[in-house]
Amino acid sequence: MFKSKLCSILNIKYPIIQGGMAWVATAELAAAVSNAGGLGLIGAGHMPPDVLRTEIQKAKTLTNKVFGVNIMLMSPFVKEVMQVVIDEKVAVITTGAGNPGEYIPALKEIGTKIIPVVASVALAKRLERIGVDAIIAEGQESGGHIGEISTMSLIPQIADAVSIPVIAAGGIADSRGFVAALALGAQGVQIGTRFVASLECIAHDNYKTAVLKAKDRSTVVTGIATGHPVRVITNKFTRDYEAMEKNGASPEELEGMGAGKLRIAVREGDVDNGSVMIGQIAGMIKNIKSVDDIIQDIMRDIPTVLNGINENL
Ligand code: TUI
């Protein structure tokens, strides 16, 4: 019923794409999502190229299905990492935190599908013109590095502006969000936060517990002044950061404060001094489930959500 054009383009069963979360989205999570019928992604974040290559090779042993890599364009290794993706003939890449334009010709040459994450209509239109295969339109409800527009406002505006498939991201974690995204003009969804609270996600238990404990107002956006807004759970780190900001710290000092903080939260479980990047929908997530259950629950409940709308009319 929901086998959209996007599913044919990507060769997947369900139009559910996993967020490419740095330090969280390993080969294990990517393979679990792809095995469950969605599109799993390895989050390259700031990974050195050799580490990414090992991770891609591991994913190939864990799934026979299509999977992809998310490339964070602010990474110091971005050029080398693009080369690894080309060498390994990765089927799909998503990109974040920038404009992937310069890499598109080389990726198209080997048939890799390119799906940039954007947070504005202007960039979506520009990237459609230079040949990307689909667009992930990410609202400011998302965790991590974000834009300024909410999912509710961004999706219909991008859907009207481009002809390629639009994938909605930001604030989606169940069948209600899935249906809403499709109603706004998307052909699929990207889900991050819900997959953090999964059995297959390798994040430290403290990080997963922080998701389960989060309420609707538990996150805050840091870095607005430095031009790199990042949504994270409020903790000692964000309070220290805000104090530094108030005391007139320079953008360089503030950027320096964030360095390495995602890793200590995700991998070491230091959710007080680390950067706990998570979306606003965390307040709705109350349990840890397998990736397969997360995807099956979403797909199963879609008719109930649609019938519920009819009943309210
Ligand atoms: O990239 C993300 N989310 C991320 S990346 C990340 S790693 C990081 N670590 C520490 C500090 C900062 C980042 C954590 N979360 N999402 C995709 C995304 N891309 N959201 C927004 C954008 C975006 C923003 C501006 C894409 C393009 C853009 O403009 C580029 C241009 O040239 O107009």
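All values derive from a computational prediction rather than experimental measurement.

Asks: Explain the domain arrangement of the protein chain here, please?
Replies: How big an interface is tends to be expressed through the accessible area that disappears when the partners come together. The domain architecture assigned to the protein chain consists of domain 1 (5-202) and domain 2 (215-277). Computed over C-alpha atoms, the centres of domain 1 and domain 2 are 24 Å apart. At the interface, 13 residues of domain 1 touch ten residues of domain 2. Carbon and sulfur atoms make up 66% of the area that domain 1 and domain 2 hide from each other, which totals about 1000 Å². Together, W23, G144 and I146 form the three largest contributors to the area buried by domain 1 at its contact with domain 2, with a combined 50%.

Asks: Looking at this model, I keep getting lost on the site of the ligand. Mind explaining?
Replies: For the ligand, the set of nearby residues contains 15 residues, the closest of which are A97, G98, V117, E138 and H145. E138 is positioned with one of its side-chain polar atoms (N or O) 2.9 Å from a nitrogen atom of the ligand. At 2.9 Å from a nitrogen atom of the ligand is found a main-chain nitrogen or oxygen belonging to H145. Contact with the protein chains hides 71% of the accessible area of the ligand, taken as 720 Å² for the molecule alone.

Asks: Please explain the pattern of salt bridges as it appears in this structure.
Replies: Two side chains of opposite charge can pair, provided their charged atoms sit close to one another. A full pass over the atoms with the stated rule returns eleven salt bridges. A salt bridge links R53 to D87, with the nearest nitrogen and oxygen atoms 3.3 Å apart. Separated by 34 residues along the polypeptide, R53 in helix α3 (residues 49-62) and D87 in helix α4 (residues 78-87) bring together distant segments of the chain. Taking the relative accessible area as the measure of exposure, R53 reaches 29% and is therefore partly exposed. Notably, a salt bridge pairs D297 with K289, separated by 2.7 Å at the nearest N-O pair. Through salt bridges with shared partners, a single ionic network connects R53, K60, D87 and E88.

Asks: What should I look at first to understand the packing of helix α11 (residues 236-246) against helix α12 (residues 251-258) in this one?
Replies: Any two packed helices are characterised by how steeply their axes cross, that is the angle between the axes, and by the distance between the axes. Viewed as axis vectors pointing N to C, α11 and α12 meet at an angle of 170°, and their least axial separation amounts to 10 Å. Put simply, α11 runs roughly antiparallel to α12. Residue-level contacts link F237, D240, Y241, M244 and E245 of α11 to E253, L254, M257 and G258 of α12.

Asks: Where do I start with the sheet that holds strand β7 (residues 144-145) in this structure?
Replies: Note on sheets: strands pair through backbone hydrogen bonds, and any given pair is parallel or antiparallel. Reading across the sheet, the three strands line up as β7-β11-β10 and stay open at both edges, with antiparallel pairing between neighbours. The strands lining the two open edges of the sheet, one partner per strand, are β7 and β10 (219-222). Pairing of β7 with strand β11 (residues 230-233), which is carried by two bridges, proceeds in the antiparallel orientation. The partner of G144 across the bridge, within β11, is R231. Sheet contacts for α11: β10 and β11; angle to β10, the most-contacted strand, approximately 35°.

Reading the values: the criteria
- Residues numbered from 1 in each chain as written.
- Predicted model: local features only at pLDDT ≥ 70, side-chain atom pairs only at ≥ 80, totals over all residues.
- Heavy atoms only, no water.
- Domains from an automatic or database assignment.
- Contact = heavy atoms within 4.5 Å.
- Buried area = accessible area lost by both parts, 1.4 Å probe.
- Near = heavy atom within 4 Å.
- Polar contact = N/O pair within 3.5 Å; in protein donor to acceptor, adjacent residues only side chain to side chain.
- Areas by Shrake-Rupley, 256 points an atom, 1.4 Å probe, with all protein chains shown as cover.
- Salt bridge = Lys/Arg side-chain N within 4 Å of Asp/Glu carboxyl O.
- Helix = DSSP H or I, 4+ residues; strand = E, 2+ residues; numbered from the N terminus.
- Buried < 20%, exposed > 50% of the residue type's maximum accessible area, 1.4 Å probe, protein only.
- Axes fitted to C-alpha atoms, helices over the stretch in contact; angles between N-to-C directions.
- Parallel < 35°, antiparallel > 145°, perpendicular 65-115°, else oblique.
- Pairing = 2+ DSSP bridges.

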